[in-house]
Amino acid sequence: MSKGERNAKLDPYFNKLKKWKEEFELLREIVLDCGLTEDFKWMHPCYTYDGKNIVLIHGFKDYCAILFHKGALLKDPHAILIQQTENVQAARQIRFTHVQEIDEMQLILKTYIDEAVEVEKAGLQVDYKKNAEYTIPEELANKFVEIPDLKTAFEALTPGRQRAYILHFSSAKQSKTRESRVEKYMAHILDGKGLDD
């Protein structure tokens, strides 16, 4: 596979980094060595193969990471892929706290990236949990009975938006909090908007 080219539009992003600068630069080189196309999506360097997202480089307070968009489909012989939260279905991260870790893992990372490209070439898809497999919180179900238009508007939302609402409402421990969250977002739902729109 030929080496991918740096996208000059991303240079300012890499140049202004204060935290994880060395780590991001090395990850960038490793990913480009795998022949991927460099782009900028979701406010992060994203690398694609034939227009399909393969990996993303991102940083957090305590670590930086390379995120595999379909990481759930990778074999992971080194047991290094991490599921960010229990609700993340497809993506998996490999986390780092210093540049030396990345340097020592270069060959392993390239192997994982190459496998991720093969997953895309093969057209493999993650078997996503359907929204029907999520339990609608009682507080939302009650509002559906009370306001039928709310149920219609909710069902017209994309599956991802529905899931985001269900998870947000369900994550509250107390019924009172769940109820107030439903109340807060009813207008959003009726307007066909997602949680973060």
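In the block above lies the structure referred to throughout.
None of these values were measured; they are calculated from a predicted model.

S.K.: Mind laying out the pattern of salt bridges, listing which residues take part and the relevant values?
M.R.: Tallying each qualifying case throughout the model produces 14 salt bridges. Residue Glu120 is joined to Lys70 by a salt bridge in which the shortest nitrogen-to-oxygen separation is 3.0 Å. Of the two residues, Glu120 is situated in helix H4 (residues 106–121) and Lys70 in the loop between strand E4 (64–68) and strand E5 (92–96); the sequence distance between them amounts to 50 residues. Of the two residues, Glu120 and Lys70, both sit in the buried class. Notably, a salt bridge pairs Lys121 with Glu118, separated by 3.4 Å at the nearest N-O pair. Placement of the pair is Lys121 and Glu118 together in helix H4, with a separation of three residues, close to one helical turn.

S.K.: Which residues make up the packing of aromatic side chains, and what are the values?
M.R.: Following the criterion strictly, the structure yields nine aromatic pairs and no others. A ring pair is formed by Phe60 and Tyr63, whose centres lie 4.9 Å apart and whose planes are at 35 degrees; its orientation type is tilted. Of the residues examined, Tyr63 reaches a relative accessible area of 16% and is grouped as buried. Put simply, the rings of Tyr13, Phe14, Phe24 and Phe40 pair up and form one aromatic cluster.

S.K.: So, the packing of helix H6 (residues 148–156) against helix H8 (residues 175–190): which residues are in play, and what are the values?
M.R.: One can describe the packing of H6 onto H8 by two numbers: an axis separation of 9 Å at closest approach and a directional angle of 65 degrees. For the pair H6 and H8, the crossing hand works out as left-handed. Contacts from Asp149, Leu150, Ala153 and Phe154 of H6 reach H8 at Met186, Ile189 and Leu190. Residues belonging to the contact of H6 with H8 are distributed by class as follows: six nonpolar, no polar and one charged.

S.K.: Got a sec to walk through the pairing of strand E1 (residues 37–41)? Specific residues and values, please.
M.R.: Where E1 and strand E2 (residues 44–49) come together, five bridges link them in antiparallel fashion. Within E2, the residue paired with Lys41 across the bridge is His44. From the end of E1 to the start of E2, which pair antiparallel, there are two residues, and Trp42 there has a positive phi angle of about 55 degrees.

S.K.: Go over the pairing of E2, please, and point to the residues and values.
M.R.: Along a regular strand, successive side chains alternate from one face of the sheet to the other. Bridge count for E2 against strand E3 (residues 52–59) is four bridges, and the pairing is antiparallel. By the bridge assignment for E3, Tyr49 is matched with Lys52. Counted along the chain from E2 to the antiparallel partner E3, the turn is two residues long, and its residue Asp50 has a positive phi close to 55 degrees.

S.K.: Go over the nonpolar core with me, naming the residues and quoting the values.
M.R.: Core analysis: the biggest nonpolar cluster contains 33 residues, and Val55, Ile66, Phe68, Ile94, Phe96, Leu109 and Ile113 have the highest contact counts within it. Elements represented by at least two residues in this core include exactly helix H1 (11–15), helix H2 (21–33), E3, E4, E5 and H4. Core analysis: the next-biggest nonpolar cluster, separate from the first, contains 15 residues, Leu140, Leu150, Tyr185 and Ile189 among them.

S.K.: Give me the lowdown on the sheet that holds E5, citing residues and values where you can.
M.R.: The strand order across the open sheet formed by five strands is E1-E2-E3-E4-E5, and the pairing between neighbours is antiparallel. Edge positions in the open sheet fall to E1 and E5, since each of these has one partner strand only. Strand-to-strand twist in this sheet, taken as the mean axis angle between neighbours without regard to direction, amounts to 25 degrees. As paired elements, E3 and E4 share five bridges and run antiparallel to each other.

S.K.: Quick rundown of unusual backbone geometry? Include the residues and the values.
M.R.: Phi at Trp20 is positive, roughly 65 degrees, even though this residue is not glycine. Tracing the backbone through its elements, the reader meets Trp20 in the loop between H1 and H2. Classification of Trp20 as buried rests on a relative accessible area of 11%. The phi dihedral of Asp50 falls on the positive side, at around 55 degrees, and the residue is not glycine. Of note, Asp50 is situated in the loop between E2 and E3.

The rules behind the values
Residues numbered from 1 in each chain as written. Predicted model: local features only at pLDDT ≥ 70, side-chain atom pairs only at ≥ 80, totals over all residues. Heavy atoms only, no water. Salt bridge = Lys/Arg side-chain N within 4 Å of Asp/Glu carboxyl O. Helix = DSSP H or I, 4+ residues; strand = E, 2+ residues; numbered from the N terminus. Buried < 20%, exposed > 50% of the residue type's maximum accessible area, 1.4 Å probe, protein only. Phe/Tyr/Trp six-rings, centres within 6.5 Å; stacked < 30°, edge-to-face > 60°. Axes fitted to C-alpha atoms, helices over the stretch in contact; angles between N-to-C directions. Left-handed = near helix turned anticlockwise from the far one by under 90°. Contact = heavy atoms within 4.5 Å. Nonpolar A, V, L, I, M, F, W, Y, C, P; charged D, E, K, R; others polar. Pairing = 2+ DSSP bridges. Core = buried A, V, L, I, M, F, W, Y, C linked by side-chain atoms within 4.5 Å.

Honestly, it's all geometry; don't read function into it.
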